[in-house]
Amino acid sequence: MAKLQNIIPVKLITKTVGNINVDIDELTFDSRKVKGGCCFFAIRGTQSDGHSYIPQAIASGATAIVCEELPAECPANVTFIQVENSSLALGYMASAFYGNPSQKLKLVGITGTNGKTTTVTLLYRLARRMGHKAGLLSTVVNYVDNVEVPSTHTTPDPIQLNALLRQMVDIGCEYCFMEVSSHSVVQNRIAGLTFAGGIFSNITHDHLDYHKTFAEYLKAKKRFFDELPSDAFALTNTDDRNGMVMVQNTKAKVYTYSLRSMADFRCKVIESHFDGMMLNMDGVEVWTRLLGRFNAYNLLAIYATLMLLGFDKNDILTGISDVTPVSGRFEYVRSSHGVTAVVDYAHTPDALENVIKTINEIKTENQRLITVVGAGGNRDKTKRPVMAKVATELSDIVILTSDNPRFEEPEEIINDMRVGVDASQAKKVITIVDRREAIRTACMLALKGDIILVAGKGHENYQEIKGVKHHFDDKEVLTEIFKSLQV
Ligand SMILES: CC(=O)N[C@H]1[C@@H](OP(=O)(O)OP(=O)(O)OC[C@H]2O[C@@H](n3ccc(=O)[nH]c3=O)[C@H](O)[C@@H]2O)O[C@H](CO)[C@@H](O)[C@@H]1O[C@H](C)C(=O)N[C@@H](C)C(=O)N[C@H](CCC(=O)O)C(=O)O
Ligand SMILES: Nc1ncnc2c1ncn2[C@@H]1O[C@H](COP(=O)(O)OP(=O)(O)OP(=O)(O)O)[C@@H](O)[C@H]1O
Ligand SMILES: N[C@H](CCC[C@H](N)C(=O)O)C(=O)O
Ligand SMILES: [Mg+2]
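The model shown is predicted, which means the values in this text are computed figures rather than measured ones.

## Topic: the coordination of the magnesium ion (ligand 4)
Now for step 1: Within the first shell, the magnesium ion (ligand 4) binds the protein through Thr 117 (OG1), Thr 139 (OG1) and Glu 179 (OE), at distances of 2.1 to 2.2 Å.
Now for step 2: Counting the intervening residues between successive donors of the magnesium ion (ligand 4) yields the motif T-x21-T-x39-E. Residue Thr 139 is found in the loop between strand S9 (134-137) and strand S10 (141-144), and its partner Glu 179 is found in strand S12 (residues 175-179); the two are separated by 40 residues along the sequence.
Now for step 3: On the basis of relative accessibility, which here comes to 18%, the residue Thr 139 falls in the buried class.

Right under this line is the structure:
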């Protein structure tokens, strides 16, 4: 419960109609959830404009309405607050409604095309391993210390987000590690939050269906750093050509990390095997079970962040030597006849290239790589041919299949992918729409010693088709098929 006048920043108000000294029990941006005591936010969305649901919200007993445009009729028993941007107001008011919880713990956000889930999940695990209560907001799952809360998004809406932060503060969490998606910045889901630090992993091809251009995509991610407070840190990857662009206007203190050149925090990959890597992290050798140069970047960002948060260097390195892969990130299943299948979430050209190059670096010449990959429906279409091109150029056999078709026809998604396959590589490519059949075919083709990469879905335990999430788990399917093929 809160007084409306106490949770809305005056600077955001354009006009008020009615009594703003009213009690608010709940905030919502969905008219279908409105009841007495609710403050409804009319948000202009990608599918519809929330303003068209104001009458429904009033009919359902809304106590207050926050909107960018006042309705023609303003009933006397409802308070109206006109603002310039409803989603911005929602961020600030959700934070205030829950007592500004992000000011009562150290909130660290990471943005970038890839590496966010890996980095925040391991930060969360390491902070808790070193004896501190912590929270996690990620694509895979949210945690309020050790209590699991299902994820609806990579970055939740402001109401969910601040409610979770409140719960974290209430049980004594000192830290929360969260992913900041580019969508969430554009939609003001992180408005009103106070960050102790921001991390930039990398920016490559993805989400152009939403941002339309790479420049807009970059601008969205850069805005996260532009809005960091002066007492926060901004940790950026200077091996990414946009690393310094991200932080050029930040008020936060800038720190850099790199595997290639001088930086505040440095790392080198000394050895790379199928069961782990030897790294030189800021002058200290440390073994990790994680694989791939891309994970060396994630681990260096993790090391730097924990150092900036004041953790002990030796405790951090000991923790890094113990961490295991994050669900769906380079996990593997081995068959009884010597085939290794890797399950990975790579669903962008850069991620796919990284994970395939990692496998090619580790495998021997006479081990073949069979890559099973698709592309999500109702997502960035332009990455589809690029992913197919990367897969066919770097694998021995490629099976193009379905990922989450969503509301698109699977065959059309695969056709978009095939466009990227050069004629010279076409003989490597098989097309099988049914993902289970595609994985089965890979398992049947694989000879002893071969490696199968099943990419794109990672931790996902569903296949989304026409709005229905059917159970589907790559690791489960591989295990079942390997068992059925056991001689
Ligand atoms: C494209 C996108 O991001 N859409 C998000 C957005 O919905 P929208 O703008 O499409 O909303 P809309 O359907 O147009 O409705 C407009 C407004 O009217 C309201 N409404 C609607 C119907 C009604 O009857 N009454 C009513 O009040 C809605 O609640 C909304 O406030 O705001 C919603 C509420 O916060 C989000 O759930 C929704 O995420 C959708 C489901 C989604 O799939 N988002 C993905 C693309 C996403 O956010 N991904 C990122 C990054 C992924 C990654 O890289 O990992 C993420 O952070 O997860
Ligand atoms: N630092 C990195 N650079 C490039 N690729 C990476 C990096 N870290 C992980 N990857 C690859 O990208 C995939 C996704 O990793 P992760 O889930 O950590 O990224 P994310 O940023 O959370 O992705 P999303 O935006 O979809 O939530 C991994 O399965 C791996 O193939
Ligand atoms: N297997 C998923 C991965 C992308 C999920 C997330 N990054 C998003 O864009 O919603 C797909 O392509 O459908
Ligand atoms: Mg993620």
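## A short note on the environment of Lys 466
Now for step 1: If you trace the backbone, Lys 466 turns up in the loop between strand S25 (462-465) and strand S26 (468-471).
Now for step 2: In this structure, the C-alpha to C-alpha distance between Lys 466 and Pro 405, residues 61 residues apart in sequence, is 7.5 Å.
Now for step 3: Those residues in contact with Lys 466 that sit more than four places away from it in its chain are Arg 406, Phe 407, Glu 408 and Glu 409.

## Brief notes about the site of ligand 3
Now for step 1: Around ligand 3 sit His 207, Tyr 345, His 347, Gly 376, Arg 379, Asp 403, Asn 404, Arg 406, Gly 456 and Glu 460, and those are all the residues in its vicinity.
Now for step 2: A distance of 3.0 Å separates an oxygen atom of ligand 3 from a polar side-chain atom of Asn 404.
Now for step 3: Burial of ligand 3 by the surrounding chains reaches 85%, relative to a free accessible area of 360 Å².
Now for step 4: For the shell around ligand 3, a count of residues per class yields one nonpolar, five polar and four charged.

## Some thoughts on the site of ligand 1
Now for step 1: Inspection of the region around ligand 1 gives 22 residues, with Thr 46, Gln 47, Thr 154, Ser 181 and His 207 positioned closest.
Now for step 2: For ligand 1, an oxygen atom lies 3.1 Å from a polar atom in the side chain of His 153.
Now for step 3: Between His 207 and ligand 1, the recorded distance is 2.7 Å, taken from a side-chain N or O atom to an oxygen atom.
Now for step 4: The residue makeup of the shell around ligand 1, split by class, is four nonpolar, 13 polar and five charged.
Now for step 5: When residues of the shell around ligand 1 are sorted by domain, at least three fall in each of domain 1 (2-96) and domain 2 (100-320).

## Brief notes about the domain arrangement of the protein chain
Now for step 1: The domain architecture assigned to the protein chain consists of domain 1 (2-96), domain 2 (100-320) and domain 3 (331-485).
Now for step 2: Domain 2 and domain 3 are separated by 28 Å when their C-alpha centres are compared.
Now for step 3: Residue-level contacts link 18 residues of domain 2 with 21 residues of domain 3.
Now for step 4: For the domain 2 and domain 3 pair, buried surface summed over both sides reaches about 1,600 Å², with 62% attributable to carbon and sulfur atoms.
Now for step 5: Looking only at domain 2, the three residues that lose the most surface to domain 3 are His 205, Phe 274 and Phe 294, adding up to 42% of its buried area.
Now for step 6: Note that Asp 206 is salt-bridged to Lys 383, the shortest N-O span being 2.9 Å.
Now for step 7: At the boundary of domain 2 with domain 3, the tally comes to nine residue pairs in polar contact (both at pLDDT 80 or more).
Now for step 8: The set of elements that each furnish at least two residues to the side of domain 2 that touches domain 3 consists of helix H7 (208-211), strand S16 (265-273) and helix H10 (293-308).
Now for step 9: Here the side of domain 2 that touches domain 3 is composed, by residue class, of five nonpolar, nine polar and four charged.

## Overview of the pattern of salt bridges
Now for step 1: All told, the structure shown has 29 salt bridges when counted by the stated rule.
Now for step 2: In this structure, the salt-bridge partner of Asp 145 is Arg 128, at a minimum N-O distance of 2.8 Å. Separated by 17 residues along the polypeptide, Asp 145 in the loop between S10 and strand S11 (147-150) and Arg 128 in helix H4 (residues 116-129) bring together distant segments of the chain.
Now for step 3: Residue classification places Asp 145 among the buried residues on the basis of a relative accessible area of 8%.
Now for step 4: By relative accessible area, which is 32% here, Arg 128 ends up partly exposed.

## Comments concerning the packing of H10 against helix H11 (residues 313-320)
Now for step 1: At their nearest, the axes of H10 and H11 sit 10 Å apart, and the two run at 150 degrees to each other. Considering their axes alone, H10 and H11 lie roughly antiparallel with respect to each other. Here H10 runs over H11; the crossing is right-handed. The residues of H11 that touch H10, namely those facing Leu 299, Tyr 303, Leu 306 and Met 307, are Lys 313, Ile 316, Leu 317 and Ile 320.
Now for step 2: Grouping the amino acids of the contact of H10 with H11 by side-chain chemistry returns seven nonpolar, no polar and one charged.

Criteria and cut-off values
- Residues numbered from 1 in each chain as written.
- Chains lettered and ligands numbered in written order.
- Predicted model: local features only at pLDDT ≥ 70, side-chain atom pairs only at ≥ 80, totals over all residues.
- Heavy atoms only, no water.
- Donors = N, O, S within 2.8 Å, 3.2 Å for Na, K, Ca; no water.
- Helix = DSSP H or I, 4+ residues; strand = E, 2+ residues; numbered from the N terminus.
- Buried < 20%, exposed > 50% of the residue type's maximum accessible area, 1.4 Å probe, protein only.
- Contact = heavy atoms within 4.5 Å.
- Near = heavy atom within 4 Å.
- Polar contact = N/O pair within 3.5 Å; in protein donor to acceptor, adjacent residues only side chain to side chain.
- Areas by Shrake-Rupley, 256 points an atom, 1.4 Å probe, with all protein chains shown as cover.
- Nonpolar A, V, L, I, M, F, W, Y, C, P; charged D, E, K, R; others polar.
- Domains from an automatic or database assignment.
- Buried area = accessible area lost by both parts, 1.4 Å probe.
- Salt bridge = Lys/Arg side-chain N within 4 Å of Asp/Glu carboxyl O.
- Axes fitted to C-alpha atoms, helices over the stretch in contact; angles between N-to-C directions.
- Parallel < 35°, antiparallel > 145°, perpendicular 65-115°, else oblique.
- Left-handed = near helix turned anticlockwise from the far one by under 90°.

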